[in-house]
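# Topology and contacts: notes
Listed below, chain by chain, are the residues.
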There are 2 protein chains.
Amino acid sequence: MNTVNAVAALAALAQEHRLTLFRLLVKAGESGMPAGEIAQTLGVPSSSLSFHLAQLRNAGLILQERQHRSLIYRANYQAMNGLVAFLLENCCAGTDCGPAAACDTAHPERKSA
Amino acid sequence: MNTVNAVAALAALAQEHRLTLFRLLVKAGESGMPAGEIAQTLGVPSSSLSFHLAQLRNAGLILQERQHRSLIYRANYQAMNGLVAFLLENCCAGTDCGPAAACDTAHPERKSA
DNA sequence: AGCTTATTTCGACATTTCTAGAATAGTCGT
DNA sequence: ACGACTATTCTAGAAATGTCGAAATAAGCT
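All values derive from a computational prediction rather than experimental measurement. (Residues numbered from 1 in each chain as written. Chains lettered and ligands numbered in written order. Predicted model: local features only at pLDDT ≥ 70, side-chain atom pairs only at ≥ 80, totals over all residues. Heavy atoms only, no water.)

## Some words on the overall build of chain A
Our working definition: Only DSSP runs of H or I reaching four residues or more are called helices, and only runs of E reaching two or more are called strands; each is numbered from the N terminus. Under the scheme applied here, a residue whose accessible area is under 20% of the maximum for its type counts as buried, over 50% as exposed, and between as partly exposed, the area being computed with a 1.4 Å probe on protein chains only. Method for areas: the Shrake-Rupley scheme with a 1.4 Å probe, in which residue coverage is limited to the protein chains shown.
Regarding its fold elements, chain A presents five helices and three strands. Ordered by position from N to C terminus, the α and β elements of chain A give α-α-β-α-α-β-β-α. A buried classification covers 41% of the 113 residues belonging to chain A. For chain A, the accessible surface area stands at approximately 5,700 Å², while carbon and sulfur atoms represent 46% of it.

## What to know about helix H1 (residues 3-13) of chain B
This is how the line gets drawn: By the convention used here, residues are in contact when the closest approach between their heavy atoms is within 4.5 Å. Here a polar contact is recorded for every N or O atom pair within 3.5 Å, except that within protein the pair must consist of a potential hydrogen donor and a potential acceptor, and residues adjacent in sequence are included only if both atoms are side-chain atoms.
Taken together, the buried positions of H1(B) are Ala6(B), Val7(B), Ala9(B), Leu10(B), Ala12(B) and Leu13(B). Residues of H1(B) that are buried make contact with helix H1 (3-13), helix H2 (16-28) and helix H5 (77-87) of chain A together with helix H2 (16-28), helix H4 (46-58) and helix H5 (77-87) of chain B. The N-cap residue of H1(B) is Asn2(B): its side-chain oxygen and the backbone nitrogen of Val4(B) are 3.0 Å apart.

## Thoughts on the packing of aromatic side chains
The cut-off we apply is this: Note on ring pairs: Phe, Tyr and Trp rings are taken, using the six-membered ring of Trp, and paired if centres are within 6.5 Å. Classes follow the plane angle, with under 30 degrees stacked, over 60 edge-to-face and the rest tilted. In this analysis the charged atom, NZ for Lys or CZ for Arg, is taken to sit over a ring once it is within 6 Å of the ring centre and within 35 degrees of the ring normal.
What the rule picks out here adds up to zero aromatic pairs over all chains. Above the ring of Phe86(B), the side-chain terminus of Arg23(A) is found at 3.6 Å from the ring centroid.

## A look at the protein's contact with DNA strand D
Using the following cut-off: Residue proximity to a molecule or strand is established when one non-hydrogen atom of the residue lies within 4 Å of it. All amino acids are sorted into three groups, where Ala, Val, Leu, Ile, Met, Phe, Trp, Tyr, Cys and Pro are nonpolar, Asp, Glu, Lys and Arg are charged, and the leftover types, Gly among them, are polar.
Arg18(A), His52(A), Gly36(B), Ser50(B) and Tyr73(B) are the nearest of the 23 residues found near DNA strand D. Counting only atoms of DNA strand D within 4 Å of the protein, the fraction found in sugar and phosphate groups is 68%. Between His52(A) and DNA strand D, the recorded distance is 2.6 Å, taken from a side-chain N or O atom to a phosphate oxygen. Contacts to DNA strand D include Gly36(B), whose backbone N or O atom sits 2.8 Å from a phosphate oxygen. The set of elements that each furnish at least two residues to the surface near DNA strand D consists of H2 and helix H4 (46-58) of chain A together with helix H3 (35-42), H4 and strand E3 (70-75) of chain B. Ranked by residues supplied to the surface near DNA strand D, first place goes to H4(A) with five residues. The class makeup of the residues in the surface near DNA strand D is six nonpolar, 13 polar and four charged.

## A short note on the protein's contact with DNA strand C
Taken together, 23 residues form the shell around DNA strand C, and within it Gly36(A), Ser50(A), Tyr73(A), Arg18(B) and His52(B) come nearest. In DNA strand C, atoms within 4 Å of the protein come 69% from sugar and phosphate. Interatomic distance of 3.0 Å between a side-chain N/O atom of Arg69(A) and a sugar or linking oxygen of DNA strand C. Arg66(B) has a polar side-chain atom sitting 3.3 Å from a phosphate oxygen of DNA strand C. Looking at the surface near DNA strand C, the elements with two or more residues in it are helix H3 (35-42), H4 and strand E3 (70-75) of chain A together with H2 and H4 of chain B. A total of five residues in the surface near DNA strand C trace back to one element, the largest contributor, which is H4(B). Here the residues of the surface near DNA strand C are counted per class, giving six nonpolar, 13 polar and four charged.

## Considerations on the pairing of strand E2 (residues 62-67) of chain B
In plain terms, the rule: We treat two strands as partners when DSSP finds at least two bridges between them.
Note that E2(B) and E3(B) share six bridges and pair antiparallel. Pairing of Gln67(B) across the sheet is with Ser70(B), part of E3(B).

## Observations regarding the sheet that holds E3(A)
Residues and elements named next belong to chain A. Operational definition: Structural elements are reduced to axes, namely lines fitted to C-alpha atoms, with helices fitted over the stretch in contact, and the angle between N-to-C directions of any two is expressed from 0 to 180 degrees.
The antiparallel open sheet is built from three strands, whose spatial order is E1-E3-E2. Single-partner strands in this sheet number two, and they are strand E1 (33-34) and strand E2 (62-67). This element, H4, spans E2 and E3 of the sheet and lies at about 120 degrees to E2.

## A look at the confidence of the model for chain A
We apply this condition: Every residue gets a pLDDT, meaning the predictor's confidence in that residue, from 0 to 100.
Looking at chain A, pLDDT values average 86 and 81% of them are 70 or higher. Considering each helix and strand of chain A separately, the mean pLDDT is smallest for H5(A), with a value of 91, and largest for H4(A), with 97.

## Observations regarding the environment of Ala6(B)
Residue position: Ala6(B) is located in helix H1. Residue Ala6(B) is classed as buried on the basis of its relative accessible area, which comes to 0%. As for Ala6(B) and Leu83(B), which are separated by 77 residues in sequence, their C-alpha atoms are 6.2 Å apart. The residues touching Ala6(B), leaving out its near neighbours within four places in the chain, are Leu19(A), Met1(B), Leu83(B) and Phe86(B).

Next comes the structure, spelled out in structure tokens:
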């Protein structure tokens, strides 16, 4: 993670619809949500939603996967952790003041191990 | 922390100069830095810097304090932690997957306790 | 092949944000 | 009070971003 990546990720999150959307996907977990369902939940026209999904995807914060006719989106926990780590990188003047991020990609209810 | 606050904070950080500036202050710690020194370090005209400092301040991410002729700025660790906590709030479908933020306002080298 | 559903891309417009010079406002020493 | 120093506000133009209808693309069904 460098400044440019971080700015892209932050800019992607710095918008009401996108932040809500991202958090929705964070909640949704590994199974993700199809674009249509997201549009409905957020009450945003599909073309607008598509624009926002693209922003988040370009920033690497969400992942896309086709499932039959629908495109399923889910949060990229790893990217999120990277961003948080970057933000708190030199927190407390470089002293290690504890773990900065702690969300694993694996999902408690779903992970095999 | 709510969505509106979070968007404000993220928007404040979603800009190359401001992100660098914020991280500079995070490194600088409790003692902070005067505006002039920041401007010099970042190579940004003072009027532009002032604009960015105001953005970060409005978002609650940095604190201002006058010291004689200089205005000293320092990172607001608490605000940062609040933001991170908000972002990872329902991480892993609400399962508590560990501490999301860990930077205390108190500074190892300076704290009394 | 043709029809239906799901989603994206295009285009045009409105809004917001960034930049930086010039003017203004506080603070201090003399 | 005056001058020097530090920093902000004002201003205007340039650049980037958000919105959403209409058209286009992709996938699956019969």
